[in-house]
Amino acid sequence: MSVRFRKLVGRMASAVLFVPDRVMLTMLRPLNWAMVSLFPPRPLSNSVLHISYMVHIPYHAVRHLRAAGMRADYLAIGRSPHWDRADYNLVPSPYSPVRVLQEFRMFWRVVARYETVHAHFMYTLSQEGWELPILKRLGRRLVVHFRGCEARDRDRNMALHPDVSICQDCDHRPPICQLPQSARRREWARRYADAVLVTTPDMKDFNPDAIHFPFFAPDNPPPGERQKAPDSAFRIVHVTNQPGIEGTRHIERAIDSLRRKGWPVRFTWIHGRPHDEVIRALADADLAIGKMKMGYYANAQIESMAMGVPTVTFVREDLMTDELRESGFIFATLATLESTIEHYLSHPDELAAKRARARSSILALHDNTVLSRRLAGVYAELHGRA
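This is a predicted model, so every value here is computed, not measured. (Residues numbered from 1 in each chain as written. Predicted model: local features only at pLDDT ≥ 70, side-chain atom pairs only at ≥ 80, totals over all residues. Heavy atoms only, no water.)

**Regarding the packing of aromatic side chains**
Turning to step 1, where the next piece is worked out: Under the counting rule described, the total for this entry stands at nine aromatic pairs.
Turning to step 2, where the next piece is worked out: With 4.9 Å between their ring centres and 85° between their planes, F107 and W108 make a pair best called edge-to-face.
Turning to step 3, where the next piece is worked out: Owing to a relative accessible area of 0%, F107 belongs among the buried residues under this scheme.
Turning to step 4, where the next piece is worked out: Here W108 falls in the buried class, since its relative accessible area comes to 11%.
Turning to step 5, where the next piece is worked out: In textbook terms, an aromatic cluster arises when at least three aromatic residues are bridged by ring pairs, as seen for Y296, Y297, F329 and F331.
Turning to step 6, where the next piece is worked out: In this arrangement the basic side chain of R63 is found over the ring face of Y59, its NZ or CZ atom lying 3.7 Å from the centre. (Phe/Tyr/Trp six-rings, centres within 6.5 Å; stacked < 30°, edge-to-face > 60°. Buried < 20%, exposed > 50% of the residue type's maximum accessible area, 1.4 Å probe, protein only. Lys NZ or Arg CZ within 6 Å of the ring centre and 35° of its normal.)

**Some words on the nonpolar core**
Turning to step 1, where the next piece is worked out: Ranked by size, the top nonpolar core spans 37 residues in total, and within it L75, F107 and V111 carry the most contacts.
Turning to step 2, where the next piece is worked out: Mapped by element, the contributors of at least two residues to this core are helix 2 (21-38), strand 1 (44-53), strand 2 (71-77), helix 4 (96-109), strand 4 (114-120), helix 5 (132-137), strand 5 (141-146) and helix 7 (180-192).
Turning to step 3, where the next piece is worked out: Per-element accounting of this core gives the leading share, five residues, to helix 4.
Turning to step 4, where the next piece is worked out: L75 has contacts with L49, H50, I51, S52, Y88, N89, L90, M106, V111 and L125, leaving out every residue within four places of it along the chain. (Core = buried A, V, L, I, M, F, W, Y, C linked by side-chain atoms within 4.5 Å. Helix = DSSP H or I, 4+ residues; strand = E, 2+ residues; numbered from the N terminus. Contact = heavy atoms within 4.5 Å.)

**What about empty space enclosed by the protein?**
Turning to step 1, where the next piece is worked out: Applying the stated criterion to the full structure yields five cavities of 30 Å³ or more.
Turning to step 2, where the next piece is worked out: By volume, the largest cavity is sized at about 100 Å³.
Turning to step 3, where the next piece is worked out: As for the largest cavity, its lining consists of H56, I57, H60, A61, F215, F216, A217, P218, N299 and E303.
Turning to step 4, where the next piece is worked out: Of all the secondary structure elements, the ones that give two or more residues to the lining of the largest cavity are helix 3 (56-67) and helix 11 (299-306).
Turning to step 5, where the next piece is worked out: Take the lining of the largest cavity: its biggest share by element is four residues, from helix 3.
Turning to step 6, where the next piece is worked out: Each pocket or cavity is described by its volume, and for the second largest cavity that value is around 70 Å³.
Turning to step 7, where the next piece is worked out: Considered class by class, the residues forming the lining of the second largest cavity number seven nonpolar, no polar and two charged. (1 Å grid on protein atoms, 1.4 Å probe; cavity = no way out; pocket = protein on both sides within 12 Å on 5 of 7 lines; lining within 4 Å. Points joined across faces, edges and corners; volume = space filled by probe spheres on them. Nonpolar A, V, L, I, M, F, W, Y, C, P; charged D, E, K, R; others polar.)

**Describing the layout of surface pockets**
Turning to step 1, where the next piece is worked out: The computed volume of the largest pocket comes to approximately 1,300 Å³.
Turning to step 2, where the next piece is worked out: If you trace the largest pocket, you find 46 residues lining it, with Y53, V55, F121, N241 and Q242 closest to the centre.
Turning to step 3, where the next piece is worked out: Among the secondary structure elements, those contributing two or more residues to the lining of the largest pocket are helix 3, helix 7, helix 8 (243-246), helix 10 (275-283) and helix 11.
Turning to step 4, where the next piece is worked out: Ranked by residues supplied to the lining of the largest pocket, first place goes to helix 11 with four residues.
Turning to step 5, where the next piece is worked out: By residue class, the composition of the lining of the largest pocket is 21 nonpolar, 16 polar and nine charged.

**Digging into the confidence of the model for the protein chain**
Turning to step 1, where the next piece is worked out: For the protein chain, the average pLDDT comes to 90, and 92% of its residues sit at 70 or higher.
Turning to step 2, where the next piece is worked out: This model gives residues 7-18 a pLDDT under 50, and the stretch forms seven contacts once residues within four places in sequence are excluded. (pLDDT = per-residue confidence, 0-100.)

**Considerations on the pattern of salt bridges**
Turning to step 1, where the next piece is worked out: A complete count under the given rule lists 22 salt bridges for this structure.
Turning to step 2, where the next piece is worked out: The partner of R325 in a salt bridge is D322, and the shortest N-O contact between them spans 3.2 Å. Of this pair, R325 and D322 are both found in helix 12 (residues 322-325), three residues apart, which corresponds to roughly one turn of the helix.
Turning to step 3, where the next piece is worked out: Connected through shared salt-bridge partners, R63, R66, R71, D73 and D87 make up one network. (Salt bridge = Lys/Arg side-chain N within 4 Å of Asp/Glu carboxyl O.)

**Quick notes on the sheet that holds strand 2**
Turning to step 1, where the next piece is worked out: Ordered in space as 3-2-1-4-5-6-7, the seven strands form an open sheet in which the pairing is parallel. Each edge of the open sheet carries a strand with a single partner, namely strand 3 (88-90) and strand 7 (211-212).
Turning to step 2, where the next piece is worked out: Here seven bridges tie strand 1 to strand 2, and the two strands are oriented parallel to one another. Residue pairing for strand 2: L49 is matched across the bridge by D73. (Pairing = 2+ DSSP bridges.)

**Some points on the sheet that holds strand 11 (residues 311-313)**
Turning to step 1, where the next piece is worked out: With parallel pairing, five strands are arranged side by side in an open sheet as 9-8-10-11-12. Two strands close off the open sheet at either side, each with one partner strand: strand 9 (265-270) and strand 12 (329-331). The mean inter-strand angle of the sheet, taken between neighbouring strand axes irrespective of direction, is 25°.
Turning to step 2, where the next piece is worked out: The sheet strands contacting helix 10 are strand 8 (234-239), strand 9 and strand 10 (287-289), and the helix crosses strand 8 at an angle near 155°.
Turning to step 3, where the next piece is worked out: Helix 11 rests against strand 8, strand 10, strand 11 and strand 12 of the sheet, and its axis sits at about 155° to strand 11. (Axes fitted to C-alpha atoms, helices over the stretch in contact; angles between N-to-C directions.)

**Points about the side chain of E150**
Turning to step 1, where the next piece is worked out: Tracing the sequence through the fold places E150 in the loop between strand 5 and helix 6 (154-160).
Turning to step 2, where the next piece is worked out: Although E150 is buried, it makes no salt bridge; R152 carries the closest opposite charge, 6.4 Å away.
Turning to step 3, where the next piece is worked out: Setting aside anything within four residues of it in sequence, one finds E150 in contact with F121, H145, I176, S182 and R186. (Lys, Arg positive; Asp, Glu negative; His and termini not counted.)

**Remarks on the environment of D286**
Turning to step 1, where the next piece is worked out: Structurally, the position occupied by D286 is in the loop between helix 10 and strand 10.
Turning to step 2, where the next piece is worked out: You can call D286 buried: its relative accessible area is 12%.
Turning to step 3, where the next piece is worked out: Separated by 52 residues in the primary sequence, D286 and F234 have C-alpha atoms spaced 6.3 Å apart.
Turning to step 4, where the next piece is worked out: A distance of 2.8 Å separates the side chain of D286 from the backbone nitrogen of R235, its partner in a polar contact. (Polar contact = N/O pair within 3.5 Å; in protein donor to acceptor, adjacent residues only side chain to side chain.)

Given below as structure tokens:
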């Protein structure tokens with residue numbers, strides 16, 4: 001092969017790498033519809049594919065569904081420094097035509113084989129959502145699971161809850177809810193979703209017809225006996241990568257005030273760490289604090305409670321239940337946080353009582369067997385099998 005010919009081939013290959021997305025998608029459209037019409041794949045019986053960015057929550061969810069008798073798998077999009085386990089993993093190429101071909105291959109080899117697609121955060125296989133109408137043509141069902149700010153509306157949240165709101169000190173610039181991709185995902189949900197779930201009930205402010213479907217409880221075994229801190233400090237752990245949303249600066253202010261009063265408090269704020277490391281840190285905590293501005297607790301609080309650690313959080317009065325009041329949770333607002341912690345520092349017997357029922361109460365509130373059957377029932381109803 002001559003040098004001139006090799007250079008020509010190289011230039012042609014480079015040009016292909018920069019073909020616009022819309023051109024590649026236009027080229028594949030006839031092939032996609034031919035597959036739908038002539039070679040539609042038969043779906044796996046009683047099956048669901050969970051799609052998300054790389055994170056531990058859907059990984060564990062599909063394992064609970066398997067225990068309930070479903071064929072359930074997890075497709076993760078991209079990589080994460082904090083989690084690396086999934087049944088399938090698509091790492092999109094930075095080159096548009098290569099990425100579209102990756103999506104095409106993954107769709108027909110994997111995604112199209114499942115009866116139901118469960119989209120966490122309204123995450124889709126493709127960046128353009130091109131596969132969504134094809135899923136509908138194939139008779140598949142789409143469950144959209146909103147889990148956070150991708151479904152929220154900052155202006156509405158601030159208007160509904162002017163005194164305390166996660167939007168007041170948003171960690172994201174611009175806010176996630178205002179990103180074009182979030183607006184696009186909300187529109188896709190409106191057009192294509194057969195069911196919409198929300199992880200916490202406060203999100204029904206923005207999706208009033210959605211089904212509240214909570215987190216599964218973690219599978220961690222109960223911790224062993226805690227090691228006493230060498231300095232006899234009272235250990236408080238706070239887990240978040242979003243300090244503005246969580247009210248971290250207010251929490252630190254309360255801790256500093258307690259220290260000035262002479263209380264021996266050791267405060268650990270964990271952020272940007274692998275999940276296994278977070279669990280180990282929680283195991284030796286005396287108290288955990290989190291989600292002080294959202295209006296309901298979330299996954300980190302469930303994990304700390306499952307480790308037998310009493311957890312301070314904020315739940316709006318309209319979302320409070322008797323089961324929550326009787327649990328190992330300790331409820332406070334940012335205004336009452338300091339006095340609440342001081343009360344339990346002064347009354348270790350009451351803290352011990354909270355600790356004694358922390359794990360059992362959260363496992364009752366988030367019973368994995370009940371939740372997996374309930375979620376399987378949502379899928380079954382969509383297919384007319386309920």
